[in-house]
Amino acid sequence: VLTYSAQQSSRVKVKLKIEFKSVENFGKPLNNTINYIYSDGQFIDSVYCKKRTMNYLLEGAHLFKIEFSKNGYVNKYVIINTKDIPSKKRIKLKADINLFRKMDRINVEFLKTEPVSIAYYNFIKKSLIWDYDYNRSVVEKIIDASLKK
């Protein structure tokens, strides 16, 4: 029979560091965000970040969704897939999240159903990486939406 501590030690651990920035203020730090964390579709935690950085430990092999929000700003979310990470692995993952103010003229409703980025385990690099091609496609959709009248 495994004890709780033995079960915990065999789990995957991802040390997440997110920096929040403001699009309108050219990447200056964004404080006072509220962030919601889901594991396999179930809400597990919320984190209020008074300062611009969120540090969080994701544990276990799951599909995590992390939604970033700030009053008056457009919410965004990312998906982090830790299911393929080998057991007992400890990994660090960093990201910059740029939030922008809600504006009636910009229709970004797709951000409610599409993540801005996806992270997955890369067996060659032996690390968790962001899918930059996917991220670039979402950024292009945001730019297109801001140019339409």
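Position labels on residues start from 1 in each chain and follow its written sequence. Given that this is a predicted model, residues contribute local features only at a pLDDT of at least 70 and side-chain atom pairs are listed and counted only at 80 or more, while totals for whole chains, interfaces and linings are drawn from all residues. Only heavy atoms go into the side-chain values, all of them from the structure, while hydrogens and water stay out.

A tally of helices and strands in the protein yields two helices and 10 strands. Reading the protein from its N terminus to its C terminus gives the helix and strand order α-β-β-β-β-β-β-β-β-β-β-α. Counting only C-alpha atoms and orienting by the principal axes, one finds that the protein spans roughly 60 × 35 × 25 Å. Any two residues whose heavy atoms approach within 4.5 Å are treated as being in contact. For the protein, the proportion of contacts with a sequence separation of at least 24, taken over those separated by at least 6, is 61%. Only DSSP runs of H or I covering at least 4 residues are called helices, and only runs of E covering at least 2 are called strands; the numbering of each starts at the N terminus.

Helix span, expected: 1.5 Å multiplied by one less than the number of residues in the helix. Helix length check: helix α2 (residues 132-147) (16 residues) gives 22 Å between terminal C-alpha atoms against 22 Å at 1.5 Å per residue, within 8%. Think of it in three bands: residues with accessible area under 20% of the maximum for their type are buried, residues over 50% are exposed, and the middle band is partly exposed, with areas taken using a 1.4 Å probe on protein chains only. The complete set of buried residues in α2 reads V138, I142 and A145. The arc that holds every buried residue of α2, seen down its axis, measures 60°, which confines them to one face. Those residues of α2 that are exposed and angled more than 90 degrees off the buried face are Y132, D133 and L147. Of the surrounding elements, those touching the buried residues of α2 are β7 (76-81). For α2, the capping residue at the N-terminal end is D131, with a side-chain oxygen 3.3 Å from the backbone nitrogen of D133. The arc in question is the one spanned by the directions pointing from the helix axis to the C-beta atoms. N or O atoms closer than or at 3.5 Å make up a polar contact, with two conditions inside protein: a donor-capable atom paired with an acceptor-capable one, and, for residues adjacent in sequence, both atoms drawn from side chains.

Remark: nonpolar core denotes a set of buried residues (Ala, Val, Leu, Ile, Met, Phe, Trp, Tyr, Cys) joined through side-chain atoms within 4.5 Å. Within the largest apolar cluster, 38 residues are counted, with the highest numbers of intra-cluster contacts made by M54, L58, I66, I80, L111 and L128. If one sorts the elements of this core by residue count, strand β8 (residues 90-99) sits on top with five residues. Residue contacts for I80: discarding those within four places in its chain leaves L16, L58, H62, L63, F64, I66, L93, A119, L128 and W130.

Judged by how many residues are buried, β7 sits mostly within the fold: five of six residues are covered. In this sheet, β7 lies alongside strand β6 (residues 63-69) in antiparallel orientation, the contact comprising six bridges. By the bridge assignment for β7, I66 is matched with V78. What makes two strands pair is DSSP finding at least two bridges between them. The antiparallel hairpin formed by β6 and β7 contains six residues in its connecting segment, where G72 sits at a positive phi of about 90°. Two elements, β7 and strand β9 (residues 117-122), share three bridges in a ladder whose sense is parallel. The partner of I79 across the bridge, within β9, is I118.

Another aspect to go through is the sheet that holds strand β4 (residues 42-49). Strand order in the open sheet formed by six strands is β4-β3-β6-β7-β9-β10, with mixed pairing between adjacent strands. A strand with exactly one partner marks an edge of an open sheet, and here the two such strands are β4 and β10 (127-130). Strand after strand, the sheet turns through a mean of 20° between neighbouring axes, direction not considered. Axis definition: a line fitted to C-alpha atoms, limited for helices to the stretch in contact. Angles are taken between N-to-C directions and run from 0 to 180 degrees.

The next thing to look at is the layout of surface pockets. Regions of empty space are outlined by a rolling probe, equal in size to a water molecule, passed over the atoms. Computed over the protein atoms alone on a 1 Å grid, cavities are sets of points where a 1.4 Å probe fits but cannot get out and pockets are open sets with protein on both sides within 12 Å along at least five of seven lines; a residue lines them when it has an atom within 4 Å of a point. Grid points are joined across faces, edges and corners, and a volume is the space filled by probe spheres set on the points. One number sums up the size of the largest pocket: a volume of about 530 Å³. As for the largest pocket, its lining consists of 20 residues, and the residues nearest its centre are K76, D96, N98, N135 and V139. If you list the elements that add at least two residues to the lining of the largest pocket, you get β7, β8 and α2. Taken together, the residues that form the lining of the largest pocket break down as 12 nonpolar, four polar and four charged. Only Asp, Glu, Lys and Arg are considered charged in this grouping, and only Ala, Val, Leu, Ile, Met, Phe, Trp, Tyr, Cys and Pro are considered nonpolar; every other residue, Gly among them, is considered polar.

The residue F110 is located in the loop between β8 and β9 in this model. Beyond its immediate chain neighbours, meaning those up to four positions away, F110 contacts V138, K141 and I142.

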